[in-house]
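Now for the letters of each chain:
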Amino acid sequence: MDTGGMKEHGLEADDLIGILSSDPNYSKEEHWIVSGDKDLDQLEGKHYWPSEDGGRFWEVSEQQARHKFWLQTLVGDSTDDIPGCPTIGDKRGAAALEGCTTDVEYWEKIVSTYEKQLKTREDAEKAAVLTANLVRIMRHGDYDWKTSTVSEWTPPISTATGD
C-alpha cells in the first residue's frame with residue numbers, strides 16, 4: 001500500500017525530516033515537524049507531538065535548536081545508545097553550556113569539558129566530533145541525493161591550528 005510517504009535508503013526518518021524542513025525552498029510557515037522524537041528539537045520551526053489527549057504544539061527558535069544540538073554533543077543520547085562526555089548528564093551539561101551563544105563558544109566549552117575527563121585535547125576533540133556526528137539531525141545540504149552520501153559534520157573552528 002502506498003501511503004504517499006517518502007523514503008531514502010540509508011537515511012533515518014529524523015534525518016529526512018531535518019533535510020526537508022531546513023530546505024530553503026520551503027517556507028517555515030508552510031510546514032510542521034510532526035513527531036514524538038525529542039531529538040527533532042534540534043530543528044528550528046513549528047512542532048507537533050500527536051497523542052490521544054490532543055497532542056502538544058510548540059515552536060523551536062534557531063537558538064533553542066542550536067543549544068539542543070550542542071547539549072546532545074556534550075551529554076550524548078542514552079535512548080539511541082550514544083555516550084557523551086563521561087560523568088556529564090543533562091544537568092551538568094546544561095550548567096557547563098550556560099552563557100554560550102555562538103557555535104565557537106559552545107565548541108570550546110564542550111572540548112574543554114571532554115578534556116577534563118579524557119585528559120588530552122586530541123582525545124577530547126575526537127570524542128566530541130564523533131558524538132556530534134552521531135547525534136546531529138542532518139540539514140539541507142548534508143546529503144547528496146545523487147550519490148547517497150552524507151557530509152560529515154565538522155567543528156566550527158579549526159582546532160588543529162588553534163584558530
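So, here is what we can say about the structure in this document. This structure is a prediction, so every number in the text was calculated from the model and none was measured.

So, how was this worked out
Residues numbered from 1 in each chain as written. Predicted model: local features only at pLDDT ≥ 70, side-chain atom pairs only at ≥ 80, totals over all residues. Heavy atoms only, no water. Pairing = 2+ DSSP bridges. Helix = DSSP H or I, 4+ residues; strand = E, 2+ residues; numbered from the N terminus. Expected span 1.5 Å × (residues − 1). Buried < 20%, exposed > 50% of the residue type's maximum accessible area, 1.4 Å probe, protein only. Arc of directions from axis to C-beta. Contact = heavy atoms within 4.5 Å. Salt bridge = Lys/Arg side-chain N within 4 Å of Asp/Glu carboxyl O.

1. Side note on the sheet that holds strand β2 (residues 45-49)
- Spatially, β1-β2-β3 is the arrangement adopted by the three strands of the open sheet, whose pairing is mixed. The sheet terminates laterally at β1 (33-34) and β3 (56-60), the two strands that pair on one side only.
- Examined bridge by bridge, β2 and β3 share five bridges and lie antiparallel to one another. Looking across to β3, one finds that H47 is bridged to W58.

2. Observations regarding helix α4 (residues 103-118)
- The first and last C-alpha atoms of α4 sit 22 Å apart over 16 residues, in line with the 22 Å expected at 1.5 Å per residue.
- All of the buried residues along α4 are Y106, W107, I110, V111, T113 and Y114. Along the axis of α4, the buried positions cluster into a sector of 165 degrees, meaning they face one direction only.
- At its buried positions, α4 is contacted by α2 (62-75), α3 (90-97) and α5 (121-135).
- Directly after α4, the chain includes K119, whose backbone phi takes a positive value near 80 degrees.

3. Focus: the pattern of salt bridges
- With the rule as written, the count across this model stands at eight salt bridges.
- Among the salt bridges present, the one from K38 reaches D39, with a minimum N-O distance of 3.1 Å.
- D39 gets classed as buried once you look at its relative accessible area, which sits at 5%.
- Here D77 makes a salt bridge to K38, at a shortest N to O gap of 3.6 Å. With D77 in strand β4 (residues 76-77) and K38 in the loop between β1 and β2, this pair connects stretches of sequence that are 39 residues apart.
- Bridged by salt links that share partners, the residues K38, D39 and D77 form one connected network.

4. Remarks on α3
- If you check which residues of α3 are buried, you get G93, A96 and L97. For α3, the angular spread of the buried residues around the axis is 90 degrees, confining them to a single face. Structural note: α3 exposes K91 and A95 on the side pointing more than 90 degrees away from its buried face.
- Elements in contact with the buried residues of α3: α2 and α4.
- Among the residues trailing α3, G99 stands out with phi positive, at a value near 90 degrees.

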